[in-house]
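# Residue-level structure breakdown
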Amino acid sequence: MPSYTAPVKDVTFLLNDVLDFQRHGNLPGFGDATPDLIEAILGEGARFCEEVLAPINVSGDREGCTRHDDGSVTTPSGFKEAYRTYTENGWIALSMPEEFGGQGLPTTLNTIIQEFMSAANLAWGMYPGLSQGAAAALLEHASQEQKELYLPKLASGDWSGTMNLTEPHCGTDLGLIKTKAVPQADGSYKITGQKIFISAGEHDLTSNIVHLVLARIEGAPEGTKGISLFVAPKFLPDANGEPGERNAVSCGSLEEKMGIHGNATCVMNYDGATGWLVGEENRGLAAMFVMMNEARLAVGVQGLGQSEVAYQNAAAYARERLQGRALSGPQNPGGKADPIIVHPDVRRTLMSIRAFNEAARGLVLWTALQSDIAHRSDDEAARQAADDHMGLMTPVIKGVLTDVGFDNAVAAQQMLGGHGYIEEWGMSQFVRDARIAMIYEGANGIQALDLVGRKLPKNGGRAVMAFFNEVGSFLKDNKDEATLAPLLGPLKAGLDDLQTATMWFMNNAMAKPDNAGAGSTDYMHLFGTVALGYMWARMAKAAAAALASGEASDAAFLETKLTLAKHFMERHMPETALRLARVSAGAETIMGLDAEAF
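Residues numbered from 1 in each chain as written. Predicted model: local features only at pLDDT ≥ 70, side-chain atom pairs only at ≥ 80, totals over all residues. Heavy atoms only, no water.

### Description of the packing of aromatic side chains
In plain terms, the rule: Side-chain rings of Phe, Tyr and Trp (the six-membered ring for Trp) are treated as a pair once their centres are within 6.5 Å; stacked means planes under 30 degrees apart, edge-to-face means over 60, and tilted covers the remaining angles. Put simply, DSSP H or I for four residues or longer makes a helix, DSSP E for two residues or longer makes a strand, and each gets a number counted from the N terminus. Only protein chains enter the area calculation, which uses a 1.4 Å probe; residues under 20% of their type maximum are buried, those over 50% are exposed, and those in between are partly exposed. Here, over-ring charges are defined by two tests on the NZ atom of lysine or the CZ atom of arginine: distance to the ring centre within 6 Å, and angle to the ring normal within 35 degrees.
A full pass over the atoms with the stated rule returns 15 aromatic pairs. Relative to Phe-557, the ring of Phe-13 lies with its centre 5.7 Å away and its plane at 80 degrees, an arrangement referred to as edge-to-face. Placement of Phe-13 in helix H1 (residues 8-18) and of Phe-557 in helix H16 (residues 555-571) is noted, with a sequence separation of 544 residues between them. The same class applies to Phe-13 and to Phe-557, which are both buried. With 5.8 Å between their ring centres and 35 degrees between their planes, Phe-48 and Tyr-86 make a pair best called tilted. With a gap of 38 residues between them, Phe-48 in helix H2 (residues 35-53) and Tyr-86 in helix H4 (residues 79-88) connect regions that are remote in the sequence. Classification of Phe-48 by relative accessible area gives buried; the value is 3%. What links up through ring pairs into an aromatic cluster is the set Phe-467, Trp-504, Phe-505, Tyr-523 and Phe-527. The ring of Phe-406 carries the charged tip of Arg-435 above its face, separated from the ring centre by 5.5 Å.

### Side note on the pairing of strand S5 (residues 189-199)
Convention followed: For two strands to count as paired, DSSP must find a minimum of two bridges between them.
Note: strand S4 (residues 180-183) against S5, 4 bridges, orientation antiparallel. By the bridge assignment, Lys-180 is partnered in S5 with Thr-192. Between the antiparallel neighbours S4 and S5 lie 5 residues, among them Gly-187 with a positive phi of about 95 degrees. As paired elements, S5 and strand S11 (residues 265-278) share 9 bridges and run antiparallel to each other. Residue pairing for S11: Lys-195 is matched across the bridge by Met-268.

### Some words on unusual backbone geometry
Here the phi dihedral of Ile-260 falls at roughly 35 degrees; this positive angle occurs in a residue that is not glycine. Among the structural elements, Ile-260 can be located in the loop between strand S10 (249-254) and S11. Take Ile-260: its relative accessible area is 4%, and that puts it in the buried class.

Laid out in structure tokens, this is it:
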């Protein structure tokens, strides 16, 4: 049975040594996040995920969810008890506003716990994750009355939340939505239509489920301009704000899926269900994008989580599995074979996964910190810069971390040979679960198009230029640091490739948009490689400084950081040249065949 250990030490290094988390103590909520409190949160969060969630991951995958004749759904054994423990200890309210029953702590801390949960039990972690996303959308767009009704219930975990976008005939192109909303005399709406692929659409974890639903009000314009957002709870709140009459929304069926079997992915039928408008008429997509962007970052974290847990189990197997002899001579002379960790190609695989994981974690936490600044700072310039960073990095984190996270889960599975293909070892579940992260909340091809088509040119390229300037300034400021010399050359080469690719789009994609589409995925991964390389440079600088101080409590930990940083620069950063070549090839051959030729 697979195991999981939360990477608390790595997270602490990032917060304290790389991101200087305490420097932001002037922001609301940060003053309460003292080092002692953070240590307690990380420790208890790790314990919960290791001891409560991880043990029910395999069993939840095998048992799955069950839909009953009345449309109700039962989650796997242990899920309900784990959820009760989670909510009773206040985890879901960690970063929600105190005004509505939350703890008001930084989003960065909640992001850390999201990674731990995603690694320990991805299917289970989706339930509270969706509630937090729903709360974010309501907080920004709902009326005060709606906030007071729904947010305390979501913060306590008594109620859960969902997002209902996709329909049988439309996923990415939400302008094709057919679900309709008919105004009623009392100000409510009757919603009719069908939604599919609704994660956590029906379950037995909470007393009520708050559905956020995209629909078109009768007479509204066609396309995305005519979409509105509604809140349609499973049970209509009574006069006391408690679950009352059953609403006309039900789970028609459960999807049979490749993975995340422990999460109830539902077909939801709205048969004249009562709902209330959230925000303005015909502005629903903008409101839902708050939840979607939260979800996209969370899905990127899921890719990292599955990569991390797969790595941990592959590394453990490689240290124990005896097979063959080292090329340089026996390393286990007392045995009939050496552990496979002695083989260079096994080490290459494991080091590549680990080097990605640690840099990806840094990129996620750096971006989560920018989210806190964007929402909490009273400095307008700082908020704008942080918001620019968030917009630019969201498609990169979602697309790159899930693409590579899946590849890493497959590579980790390979380390177990035939045992990796056998269910009892658990590696196949990591592969199956990781696969969905590349698809939902906007398939990764859409993330690449969003990056190239919307995020690069936005505000005259202000966000991407800020990123170029930040990495360029780091290279300039540290050019005389001998310890960093092996890293700065490859990082500069990668940055040059990224800038060249960006300029190529500016010169070649305006007149011929297919050039942008043909190169978008390679550009997204080129961008991701440079961003991950930059995080390794920052981590290496922090590790080298700690070693040079002579006060490091764990020199081996820091030396490992430096070795992994060099590995990333040697083995991964050269990929930027390949990506640039592909981007620069344009769209001519890609678009050269008639559709019938495929």
